[in-house]
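For reference, the chains in residue letters:
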Amino acid sequence: MRILALAPLALLALPAQAQENPDPARLKASVERLVGFGTRHTLSDPDNPTRGIGAARRWFAAELSKIGDQCSCIEVANIARGFTGERAPNGVQIVDVLGFQAGTDPKRVVIVMGHIDSRVSDVMNATADAPGANDDASGVALVLEAARLLSKQKFRATIVYAALSGEEQGLFGGQLLAETAKERGWTVTAVLNNDIVGNTIGTDGHKVADRVRVFSESFGENDEPRALKGLRADGGEDDGPSRALAKAIGQVAGTLPGGLQAFLVRRPDRFGRGGDHTPFLKLGYPAIRFSVGIENYDAQHQDLVPGKGDTVDRMDFPYLARVTALNIATIRRLAAAPAAPDKVTIGGALASDTSVKWAAVPGAVKYRVHWRRADARDWTDHLDVTATEASLKGVIVDDNFVGVSAIGADGAESLVTFGRRGG
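Everything numeric in this text was worked out from a predicted model, so none of it was measured.

(A) Geometry of the sheet that holds strand E12 (residues 381–385). Reading across from one edge, E12-E11-E14-E15-E9-E10-E13 is the order of the seven strands in this open sheet, with mixed pairing throughout. Pairing within the sheet leaves two strands with one partner each, and these edge strands are E12 and strand E13 (389–392). Here the average twist between neighbouring strands, direction ignored, is 30 degrees. Where strand E11 (residues 366–373) and E12 come together, five bridges link them in antiparallel fashion. Opposite Arg368, over in E12, you have Asp384 as the bridge partner. Across the sheet, helix H6 (residues 225–234) touches strand E14 (400–407) and strand E15 (417–421), and the angle it forms with E15 is around 95 degrees.

Shown next as structure tokens:
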């Protein structure tokens with residue numbers, strides 16, 4: 001797999017009035033096209049030209065290529081590997097379709113993704129019609145719309161647009177992409193997993209159209225006990241990389257006119273469930289899941305019988321457009337910004353002031369030192385500096401949490417890195 005090499009590009013964002021909004025009609029057309037493949041089950045025939053997951057993957061690749069041809073900025077590539085598991089006992093070739101919009105820092109990536117496979121009640125039924133409109137044609141349509149709009153701009157980080165396979169059979173596509181990121185040495189700034197992002201009517205008929213859930217973990221599943229001990233001692237349970245990403249999304253949501261509330265759920269995923277961002281979390285990457293404000297369980301993993309089934313008519317495309325807009329705005333911020341500081345150390349025990357230090361970040365023109373009282377969730381105060389250290393006068397370290405973000409010449413801000421003790 002190759003990343004398209006581009007000459008350095010200016011990092012000028014388009015004026016706000018020139019930024020096009022996601023189109024509900026175009027999102028609907030993409031979902032209907034994906035549903036039209038009949039089934040996209042991971043174990044369906046990959047070679048059938050009109051039905052099954054192979055045909056769907058080829059269509060997605062062709063659509064990404066069309067966008068790439070218009071901007072000469074996106075290279076489409078597949079990654080593939082064989083997997084075997086309880087839901088794929090005879091083995092299956094998993095193929096992820098990726099589009100790379102190379103930035104001036106091609107090894108640093110922001111990933112936006114959805115899974116292209118679908119299923120019915122029997123997870124092993126690879127032949128029955130499985131429309132998978134909301135789960136997860138909605139996420140794949142979002143990725144395409146994001147590529148169409150973001151391809152009109154140039155960014156510092158590389159954006160990876162991904163349609164993953166094998167989610168329903170064991171999160172295989174997420175594992176494949178996460179392990180590829182590690183093998184290729186990518187610096188992963190953010191992983192935005194969009195899975196079930198297009199309905200507003202719940203199982204009980206209740207409508208929730210004013211928010212989208214953002215799931216994030218507090219600390220990594222595979223963090224070493226020593227690291228967790230230090231995290232606990234420093235009070236950083238709510239400020240790990242994925243939680244910092246979720247908080248940034250919450251900030252972005254507050255800036256969008258007519259946008260959605262980002263409902264920040266302090267769990268890696270829904271209760272007892274998982275998604276394709278989970279393999280990224282296991283490798284320590286900042287990753288979150290977007291999912292609708294209320295789910296309709298009669299439209300998930302159901303056979304097509306009266307009153308059930310994941311069909312297009314159950315979706316709300318203006319709502320999906322708003323979720324898409326939040327993804328795009330988040331990517332614009334993080335892909336334009338420098339990387340977050342790698343490590344921030346603080347001091348101030350037995351003192352009335354807090355000292356903060358960090359290493360310089362390439363591309364940063366200044367840094368924003370954030371702090372908040374230790375009983376608050378969000379950052380409340382900040383100080384901008386051009387140096388790589390600061391002294392917060394009158395800020396007692398016992399009572400406050402501190403973090404630092406990097407800011408580029410265009411004002412784009414990175415994620416906040418939580419301040420920890422040195423050593």
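This is not the end of the story, as more comes after the structure.
(B) Geometry of the pairing of strand E4 (residues 157–164). With eight of its eight residues buried, E4 lies for the most part within the structure. Relative to E4, strand E3 (residues 105–115) runs parallel, the two being bridged by eight bridges. If you follow Ile111 over to E4, its bridge partner there is Val160. Crossover E3 to E4 through helix H3 (residues 133–150) is right-handed.

(C) Up close: unusual backbone geometry. A cis geometry characterises the amide bond from Asp135 onward to Asp136, with omega recorded as 5 degrees. Among the secondary structure elements, Asp136 is positioned in helix H3. At Ser72, a position not held by glycine, the phi torsion is positive, near 50 degrees. You can see Ser72 is positioned in the loop between helix H2 (53–71) and strand E1 (74–85). For Ser72, a relative accessible area of 57% gives the class exposed.

(D) The side chain of Thr42, seen in detail. With respect to the helices and strands, Thr42 occurs in the loop between helix H1 (24–35) and H2. At 3.2 Å, the side chain of Thr42 and the backbone nitrogen of Gly166 are in polar contact. Not counting chain neighbours up to four residues away, the residues in contact with Thr42 comprise Ile53, Val92, Ile94, Asp117, Ser165, Gly166 and Gln169.

(E) Examining the environment of Thr388 more closely. With respect to the element layout, Thr388 can be found in the loop between E12 and E13. A relative accessible area of 29% means that Thr388 is categorised as partly exposed. In this structure, the C-alpha to C-alpha distance between Thr388 and Asp298, residues 90 residues apart in sequence, is 53 Å. Excluding residues within four positions of it along the chain, Thr388 makes contact with Val356, Lys357, Trp358, Ala359, Ala360 and Tyr367.

Conventions we followed
- Residues numbered from 1 in each chain as written.
- Predicted model: local features only at pLDDT ≥ 70, side-chain atom pairs only at ≥ 80, totals over all residues.
- Heavy atoms only, no water.
- Pairing = 2+ DSSP bridges.
- Helix = DSSP H or I, 4+ residues; strand = E, 2+ residues; numbered from the N terminus.
- Axes fitted to C-alpha atoms, helices over the stretch in contact; angles between N-to-C directions.
- Contact = heavy atoms within 4.5 Å.
- Buried < 20%, exposed > 50% of the residue type's maximum accessible area, 1.4 Å probe, protein only.
- Right-handed = clockwise from strand over helix to strand, strands pointing away.
- Polar contact = N/O pair within 3.5 Å; in protein donor to acceptor, adjacent residues only side chain to side chain.

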